[in-house]
Amino acid sequence: MKNKVGKNIAVILAACVFLGIAVNSYMLAGLGSDSITVFENGLNHTFGVTMGTAALIYNIIFLAAAVFVSRKYVGVLTALFSLLSGPFIDLVGMVMKPLAAMNAMPVRIIELAMGIIFTAMACGLLIAADGGMNSLDAIDAEIAEKTGISYKVWRTLSDIILVAAGWIMGGTVSFGTIPAVLLTGVAISFFAGWMKNAFFTERSEWTVKKVTE
């Protein structure tokens, strides 16, 4: 029991740090970002809040939606990630702030790639740990199950909708948004499967299968 609690704590802390690195990498790059970050950036512009607070607003809304639509995919890690990832985004942002002075295009492209990779690592880790997906993945996995259309397709459609909504609110959309939207769902599937095999072989495989099939 203690080992399970300790592992869950490690999972949620790592996922929050990964997401903090991802969001701030996107913001530093300024080349566009994944759908959720664009949406949160739109909230940031519209309401004048920090990116961490914008993330908290997004997470509360989508956590409520996930509980209503796909309760079986929502677990303790889902709730903790929704509540803690926002503060971690602001905390990691303070640590990464000096990187803002490095604005050469090659550096910004690397930061864009980091945004995609670390977003996928955060979401994939939650899925592999089998303690509940993040809210958007939970909703997409439920819809995929009901329709027979793969999670990857629904995740990409969700990304497009969030990008459009974020852009309307003033979120940054640029050429980097295209690879972020197209690659994030695929990358999550990859990291969920890889992390499952590497770190969580004793856990149930049902949630991982939903996003890798």
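Residues numbered from 1 in each chain as written. Predicted model: local features only at pLDDT ≥ 70, side-chain atom pairs only at ≥ 80, totals over all residues. Heavy atoms only, no water.

Asker: Go over the nonpolar core with me, naming the residues and quoting the values.
Answerer: Core analysis: the largest hydrophobic core is formed by 51 residues, its most contacted members being Val 11, Tyr 58, Phe 81, Leu 125, Leu 126 and Leu 162. It is helix H5 (residues 105-129) that provides the largest number of residues to this core, a total of ten residues. Sequence-distant contacts of Phe 81, defined by excluding residues within four places in its chain, comprise Ile 12, Ala 15, Cys 16, Leu 19, Asn 59, Leu 126 and Asn 134. Tyr 26, Ala 29, Leu 31 and Leu 112 belong to the second-largest nonpolar core, a separate cluster that totals six residues. (Core = buried A, V, L, I, M, F, W, Y, C linked by side-chain atoms within 4.5 Å. Buried < 20%, exposed > 50% of the residue type's maximum accessible area, 1.4 Å probe, protein only. Helix = DSSP H or I, 4+ residues; strand = E, 2+ residues; numbered from the N terminus. Contact = heavy atoms within 4.5 Å.)

Asker: How would you sum up the state of the cysteines? Please name residues and give values.
Answerer: Following the criterion strictly, the structure yields zero disulfides and no others. Cys 16 carries a free sulfur, and the closest cysteine sulfur to it, the one in Cys 123, is 11 Å from it. Among the residues examined, Cys 16 registers a relative accessible area of 0% and is labelled buried. Residue Cys 123 is classed as buried on the basis of its relative accessible area of 5%. (Disulfide = S-S within 2.5 Å.)

Asker: Before we move on, could you go through the packing of helix H6 (residues 135-147) against helix H7 (residues 151-168) and cite the residues and values that matter?
Answerer: Running from N to C, H6 and H7 cross one another at 130°; their axes reach a closest spacing of 8 Å. In terms of orientation, H6 and H7 fall into the oblique class. Two packed elements cross with a definite hand, and for H6 against H7 that hand is right-handed. Every residue of H7 that contacts H6 at Leu 136, Asp 137, Asp 140, Ala 141, Ile 143, Ala 144 and Thr 147 is listed here: Tyr 151, Trp 154, Arg 155, Ser 158, Asp 159 and Leu 162. Taken together, the residues of the contact of H6 with H7 sort by class into seven nonpolar, two polar and four charged. (Axes fitted to C-alpha atoms, helices over the stretch in contact; angles between N-to-C directions. Parallel < 35°, antiparallel > 145°, perpendicular 65-115°, else oblique. Left-handed = near helix turned anticlockwise from the far one by under 90°. Nonpolar A, V, L, I, M, F, W, Y, C, P; charged D, E, K, R; others polar.)

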